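# Commentary on secondary and tertiary structure
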Amino acid sequence: QVQLVESGGGLVQAGGSLRLSCAASGSIFSIVAMGWYRQPPGKQRELVADITSGGSTNYGDSVKGRFTISRDNAKNTVYLQMNSLKPEDTAVYYCSADRGPTRFRSWGQGTQVTVSS
């Protein structure tokens, strides 16, 4: 089992920045990748960014050049730096962790990000 705890969401004006954090605990040795997904109101959950244990990153097209994912292995924490935020970035942001060869996915509880125009 892996437990994920997100923090850092909130309300920000368009053009502003926020940094989300996700701390992992439990069977962290089995994690092969961590990521951030988001679910806007009335829409499906979508990939924001992910990062493998080797440091390779992948971004959703809508956030490329504005968001940066990083990880601190010593703290078992992954971060999402969000710059130049837009109202369409408003969503609940979920941290994910993929474990083992089957990439079994665990989810955090989610944190709300609201960008006002």
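Everything below is about the structure printed above this text.
Described below are features of the structure shown in this document. Starting from 1, residues in each chain are numbered consecutively following that chain's sequence as written. pLDDT decides what is reported in this predicted model: residues at 70 or higher carry local features, side-chain atom pairs at 80 or more are listed and counted, and totals for whole chains, interfaces and linings draw on all residues regardless. To obtain the side-chain values, all non-hydrogen atoms of the structure were used and water was disregarded.

## Observations concerning the state of the cysteines
Put simply, the rule reads: The term disulfide is used for any two cysteine sulfur atoms that are within 2.5 Å. Secondary structure elements follow DSSP: runs of H or I of four or more residues count as helices, runs of E of two or more count as strands, with numbering from the N terminus. For the exposure calls, accessible area comes from a 1.4 Å probe over protein chains only, and a residue counts as buried if that area is under 20% of its type's maximum, exposed if over 50%, partly exposed in between.
By the definition in use, this model includes 1 disulfide. What pairs with Cys22 in a disulfide is Cys95, and their sulfur atoms sit 2.0 Å apart. Its S-S torsion of approximately -80° makes the covalent link between Cys22 and Cys95 left-handed. Of this pair, Cys22 sits in strand E3 (residues 18-26) while Cys95 sits in strand E9 (residues 91-99); the two residues are 73 residues apart in sequence, bridging distant segments of the chain. Take Cys22 and Cys95: they sit in the same class, and that class is buried.

## Digging into the packing of aromatic side chains
Rules: Only Phe, Tyr and Trp rings take part, Trp by its six-membered ring, and two of them pair if their centres are within 6.5 Å. Stacked means planes under 30 degrees apart, edge-to-face means over 60, and tilted covers everything else. Ring-over charges, as used throughout, are those where CZ of Arg or NZ of Lys falls within 6 Å of the ring centre and within 35 degrees of the ring normal.
For the coordinates displayed, the defined rule picks out 2 aromatic pairs. Taking 5.2 Å as the distance between ring centres and 75° as the angle between the ring planes, the aromatic pair formed by Tyr37 and Trp107 counts as edge-to-face. Separated by 70 residues along the polypeptide, Tyr37 in strand E4 (residues 31-39) and Trp107 in strand E10 (residues 104-107) bring together distant segments of the chain. With a centroid separation of 6.4 Å and 85° between ring planes, the pair formed by Tyr94 and Trp107 is classed as edge-to-face. In this pair, Tyr94 is assigned in strand E9 and Trp107 in strand E10, connecting sequence segments 13 residues apart. Exposure remark for Trp107: the relative accessible area of 35% places this residue in the partly exposed category. Clustering of aromatic rings is evident, with ring pairs tying together Tyr37, Tyr94 and Trp107. If you follow Arg45 out to its NZ or CZ, it ends over the ring of Trp107, 4.5 Å from the centre.

## Some points on empty space enclosed by the protein
Rules: Computed over the protein atoms alone on a 1 Å grid, cavities are sets of points where a 1.4 Å probe fits but cannot get out and pockets are open sets with protein on both sides within 12 Å along at least five of seven lines; a residue lines them when it has an atom within 4 Å of a point. Grid points are joined across faces, edges and corners, and a volume is the space filled by probe spheres set on the points. Only Asp, Glu, Lys and Arg are considered charged, only Ala, Val, Leu, Ile, Met, Phe, Trp, Tyr, Cys and Pro nonpolar, and every remaining residue, Gly among them, polar.
Enumeration according to the criterion identifies 1 cavity of 30 Å³ or more in this entry. Put simply, the largest cavity is a space of about 40 Å³. Every element with two or more residues in the lining of the largest cavity is listed here: E4 and E9. Of the residues that constitute the lining of the largest cavity, the class distribution is 3 nonpolar, 2 polar and 4 charged.

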